Amino acid sequence: MTVQTPAPVTPPVAARPSRPGGGGRGVRRGSRLADLAGVGPPLALFTLFIIVPMLAAVLLSFVRWNGLGTPQWAGAANWVQFIHDPVAHQSLIVTGKVIALSWLVQTPISMALGMFTAGRQRYRTVYAAIFVLPLLLSTAGIALMWEGLLDPTFGGLTALSRSLHLPFLQQNWLGSPHLTLYIMIAIIAWQFIPFHTLLYQVGRRQIPGVLYQAATLDGATGLRLFWSITLPQLRYTVVTSSILMVVGSLTYFDIIFIMTNGGPGYTTRVLSLDMYNAAFLENEYGYASVLAVVLGAVGIAVAIGLVRLTGFASMASQQEGAA
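Remember, it's a predicted structure, so these values are computed and weren't measured experimentally. (Residues numbered from 1 in each chain as written. Predicted model: local features only at pLDDT ≥ 70, side-chain atom pairs only at ≥ 80, totals over all residues. Heavy atoms only, no water.)

J.: I'd like a rundown of the nonpolar core, residues and numbers included.
T.: It is characteristic of soluble globular proteins that their nonpolar side chains tend to be buried jointly. Of all hydrophobic cores here, the largest spans 19 residues; its most connected members are Leu-150, Ile-187, Ile-255, Ile-256 and Met-259. Those elements that place two or more of their residues in this core are helix H3 (86–117), helix H6 (139–149), helix H8 (180–205) and helix H12 (254–259). If one sorts the elements of this core by residue count, H8 sits on top with six residues. The residues touching Ile-187, leaving out its near neighbours within four places in the chain, are Ile-142, Trp-146, Leu-150, Ile-255 and Met-259. (Core = buried A, V, L, I, M, F, W, Y, C linked by side-chain atoms within 4.5 Å. Buried < 20%, exposed > 50% of the residue type's maximum accessible area, 1.4 Å probe, protein only. Helix = DSSP H or I, 4+ residues; strand = E, 2+ residues; numbered from the N terminus. Contact = heavy atoms within 4.5 Å.)

Here it is, written out as structure tokens:
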């Protein structure tokens, strides 16, 4: 009788640890170089065109300079002038009104139009293509067009008021201290609502249809679908649109400059226009730099505040809000 002995079991060979300075460090070093190669050019451009001009504006805010001679150190004199300048204070108030009213007007209209144009019907696509035309026009052309329409003597609204016997249309729209600011906000909204409409259109089309199907089976319809599914899913779209809208409101200059030049009085004189007048009309580049720093600080503060209040920085899943 032959007895078979089991074959010896060979223990597994342990993996050899990598030696210091071996391939692992080389891979990490290559990854870091790739990261630097990718981030380096954008960071360099951001530093050159954003950080350096901001630091230059801060430095200029502490000097007296007319743009030609040698800058003279002024200490905090320009900032003291800003604190006691009633025109600058009025410009800040007007800028705040423009920001708040622009957001209140543009956001609901853009959202509603975005929901409408998100449909797949052909007529909605045609409407969206026509509606985006104001966004393609130059701001100067828009300003001149509306200035002609609102002319109290020969404007289009005046002719319309005469033909339809509607005397309330025949007003000095751009010369009334009670109406001009709201007219400017309406024209700005007319120009930029198409852009924000596109944001909401894209956001709406990215919402999974299965969410609406499930909610419909549970009996949700109409406004219930909007509040429970559409609005939570558009959370980041709302934040993005709001940041662009608010920061953009701080830079409205050209259309106001062409149509009203800040008038009548100071009713439409935003901070960016005040900065332009201080620099190029009064040749006070140091004081204009103070206004530029204030304008930039307000924009950064508002953007950071919106990001923190809405939790946009965490970028959590949007579907969490669809319950």
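Once the structure has been displayed, the description carries forward.
J.: Before we move on, could you go through the packing of H3 against helix H4 (residues 122–131) and cite the residues and values that matter?
T.: H4 packs onto H3 with a crossing angle of 140° between their chain directions and a minimal axis gap of 9 Å. What the angle tells us is that H3 and H4 run oblique. Listed contacts from H4 to Leu-113, Met-115, Phe-116 and Thr-117 of H3 are Tyr-123, Arg-124, Tyr-127, Ala-128 and Phe-131. Of the residues belonging to the contact of H3 with H4, the class tally is seven nonpolar, one polar and one charged. (Axes fitted to C-alpha atoms, helices over the stretch in contact; angles between N-to-C directions. Parallel < 35°, antiparallel > 145°, perpendicular 65-115°, else oblique. Nonpolar A, V, L, I, M, F, W, Y, C, P; charged D, E, K, R; others polar.)

J.: Tell me about the packing of H3 against H8, and please be specific about residues and values.
T.: Where H3 meets H8, the closest approach of the two axes is 6 Å, and the angle between their N-to-C directions is 40°. Considered as vectors, H3 and H8 are oriented oblique to each other. The hand of the H3/H8 crossing is right-handed. Tallied by class, the residues present in the contact of H3 with H8 amount to 16 nonpolar, nine polar and three charged. (Left-handed = near helix turned anticlockwise from the far one by under 90°.)

J.: Account for the side chain of Thr-230, naming residues and giving values.
T.: Mapped onto the elements, Thr-230 comes out in helix H10 (residues 223–233). Exposure remark for Thr-230: the relative accessible area of 5% places this residue in the buried category.

J.: An account of the packing of aromatic side chains is needed here, citing residue identities and associated values.
T.: With the rule as written, the count across this model stands at 11 aromatic pairs. Taking 6.4 Å as the distance between ring centres and 40° as the angle between the ring planes, the aromatic pair formed by Phe-62 and Trp-79 counts as tilted. Separated by 17 residues along the polypeptide, Phe-62 in the loop between helix H1 (23–60) and strand E1 (63–64) and Trp-79 in helix H2 (residues 77–83) bring together distant segments of the chain. Judged by its relative accessible area of 27%, Phe-62 falls in the partly exposed class. Where Tyr-276 meets Phe-280, the ring centres are 5.2 Å apart and the plane angle is 40°; that geometry is what we call tilted. One end of the pair, Tyr-276, and the other, Phe-280, are both in helix H13 (residues 271–281), four residues apart, so they sit about a helical turn from each other. We classify Phe-280 as exposed; its relative accessible area is 51%. Through a chain of ring-to-ring contacts, three or more aromatic side chains come together here, namely Trp-65, Phe-253, Phe-257, Tyr-276, Phe-280 and Tyr-285. (Phe/Tyr/Trp six-rings, centres within 6.5 Å; stacked < 30°, edge-to-face > 60°.)

J.: Tell me about the confidence of the model for the chain, and name the residues and values.
T.: Summary statistics for the chain give a mean pLDDT of 83 and a share of 86% for residues scoring 70 or more. Across the chain, element-level confidence peaks in H2 with a mean pLDDT of 93 and bottoms out in H4 with 76. A low-confidence stretch, residues 317–323 (pLDDT under 50), is modelled with 15 contacts involving residues beyond four sequence positions or located in other chains. (pLDDT = per-residue confidence, 0-100.)

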